[in-house]
Amino acid sequence: MRNTERYPVTGSNALWQIYKTVPFWKVVKNFIIIQLARYTPFIPLKNWLYKTFLGVKIGDQTAFALMVMLDIMFPEKISVGKNSIVGYNTTILAHEYLIDEYRLGDVVIGDRVMIGANSTLLPGITIGDGAIVSAGTLVHKSVPAGAFVGGNPMQVIYTKEERVKHDI
């Protein structure tokens, strides 16, 4: 399952209380940086913006496609290994605001991972080295190293061993 920390709230819903959980100016700064990065076609510049201003951990030769949407409130909880690809319009969330609580969780993406376009990664998941996430997948639990997963809800299509056996 997902590895998240839960923080209960009282009164109005957790999102209504957002600036009790994250500073307003941090959200403004993160929003501006993320919007700039979403539209830049220069991958090294995009990675520099994410690392320098948001605290995202990014390995060498990792590429974020256009329109990738990182978590605006807690981007520092995201790490991506070396030589990975995050596909077009993918959303990576490290938080979720619910009625009576909010949850935070690290998102750890390994080395040589391929994440297809329009996928959504929820907080508290790990994607193992060499995994492939098919386009349009809702990643709601951790992905084993080398696995090929897809769908909504996400399912393992091939394990690492099956991929090796069938040369996939």
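Up top you'll find the structure we're talking about.
All values derive from a computational prediction rather than experimental measurement.

Caption draft 1: Expanded view of the overall build of the chain. A count of helical and extended segments in the chain gives four helices and 17 strands. Computed over its C-alpha atoms, the radius of gyration of the chain comes to 16 Å, within 12% of the 15 Å expected for a compact globule of 168 residues. Counting only C-alpha atoms and orienting by the principal axes, one finds that the chain spans roughly 55 × 35 × 20 Å. Taken over 168 residues, the chain has a buried fraction of 46%. If you take every contact in the chain between residues at least 6 apart in sequence, the share linking residues at least 24 apart comes to 38%. Carbon and sulfur atoms make up 60% of the accessible area of the chain, which amounts to about 8,800 Å² in all.

Caption draft 2: The packing of aromatic side chains, seen in detail. The full count for this structure, using the stated rule, is seven aromatic pairs. Ring centres of Tyr 50 and Phe 64 lie 5.1 Å apart, and the angle between their planes is 75 degrees; this geometry places the pair in the edge-to-face category. Of this pair, Tyr 50 sits in helix α3 (residues 43-54) while Phe 64 sits in strand β3 (residues 63-64); the two residues are 14 residues apart in sequence, bridging distant segments of the chain. Under the relative-accessibility criterion, Phe 64 is labelled buried at 1%. Between Phe 148 and Tyr 158, the aromatic rings sit 6.2 Å apart at their centres with planes inclined by 10 degrees, giving stacked as the arrangement. Residue Phe 148 is found in strand β16 (residues 148-150), and its partner Tyr 158 is found in strand β17 (residues 155-158); the two are separated by 10 residues along the sequence. Through a chain of ring-to-ring contacts, the aromatic side chains of Tyr 7, Tyr 97 and Tyr 102 assemble into a single cluster.

Caption draft 3: Inspection of α3 at higher detail. In a regular helix each residue adds 1.5 Å, so 12 residues correspond to 16 Å; α3 covers 16 Å between its end C-alpha atoms and thus fits that length. Taken residue by residue, α3 has Lys 46, Asn 47, Leu 49, Tyr 50 and Leu 54 as its buried positions. In an axial view of α3, the angular spread of the buried residues amounts to 155 degrees, which keeps them on one side of the axis. On its buried face, α3 sits against α2 (24-39), β2 (57-58), β3 and β4 (69-70). Two residues or fewer after α3 comes Gly 55, characterised by a positive phi angle close to 75 degrees.

Caption draft 4: Focus on the sheet that holds β4. Strand order across the open sheet formed by four strands is β4-β7-β12-β15, with parallel pairing between neighbours. Two strands in the sheet have a free side with no partner beyond their single neighbour: β4 and β15 (138-139). Relative to β15, strand β12 (residues 120-121) is paired through two bridges, and the arrangement is parallel. Opposite Leu 121, over in β15, you have Val 139 as the bridge partner.

Caption draft 5: View of the packing of α2 against α3. Their axes nearest at 9 Å, the elements α2 and α3 cross at an angle of 170 degrees. It follows that α2 is roughly antiparallel to α3 by the angle criterion. Taking contact as the criterion, the partners of Lys 29, Asn 30, Ile 33, Ile 34, Ala 37 and Arg 38 in α2 are, on α3, Lys 46, Leu 49, Tyr 50, Phe 53 and Leu 54. Looking at the contact of α2 with α3, its residues break down into seven nonpolar, one polar and three charged.

Caption draft 6: Quick peek at the environment of Thr 90. Considering the arrangement of structural elements, one finds Thr 90 in the loop between β6 (85-86) and β7 (91-92). Linking Thr 90 and Thr 120, residues 30 residues apart in sequence, is a C-alpha distance of 5.8 Å. Every residue in contact with Thr 90, bar those within four places of it in the chain, is listed here: Met 67, Val 68, Met 69, Ile 115, Gly 116, Ala 117, Asn 118, Ser 119 and Leu 121. Engagement of the side chain of Thr 90 in a polar contact is seen with the backbone oxygen of Gly 87, the distance being 2.9 Å.

Rules used in this analysis
- Residues numbered from 1 in each chain as written.
- Predicted model: local features only at pLDDT ≥ 70, side-chain atom pairs only at ≥ 80, totals over all residues.
- Heavy atoms only, no water.
- Helix = DSSP H or I, 4+ residues; strand = E, 2+ residues; numbered from the N terminus.
- Rg over C-alpha atoms; globule rule 2.2 N^0.38 Å.
- Buried < 20%, exposed > 50% of the residue type's maximum accessible area, 1.4 Å probe, protein only.
- Contact = heavy atoms within 4.5 Å.
- Areas by Shrake-Rupley, 256 points an atom, 1.4 Å probe, with all protein chains shown as cover.
- Phe/Tyr/Trp six-rings, centres within 6.5 Å; stacked < 30°, edge-to-face > 60°.
- Expected span 1.5 Å × (residues − 1).
- Arc of directions from axis to C-beta.
- Pairing = 2+ DSSP bridges.
- Axes fitted to C-alpha atoms, helices over the stretch in contact; angles between N-to-C directions.
- Parallel < 35°, antiparallel > 145°, perpendicular 65-115°, else oblique.
- Nonpolar A, V, L, I, M, F, W, Y, C, P; charged D, E, K, R; others polar.
- Polar contact = N/O pair within 3.5 Å; in protein donor to acceptor, adjacent residues only side chain to side chain.

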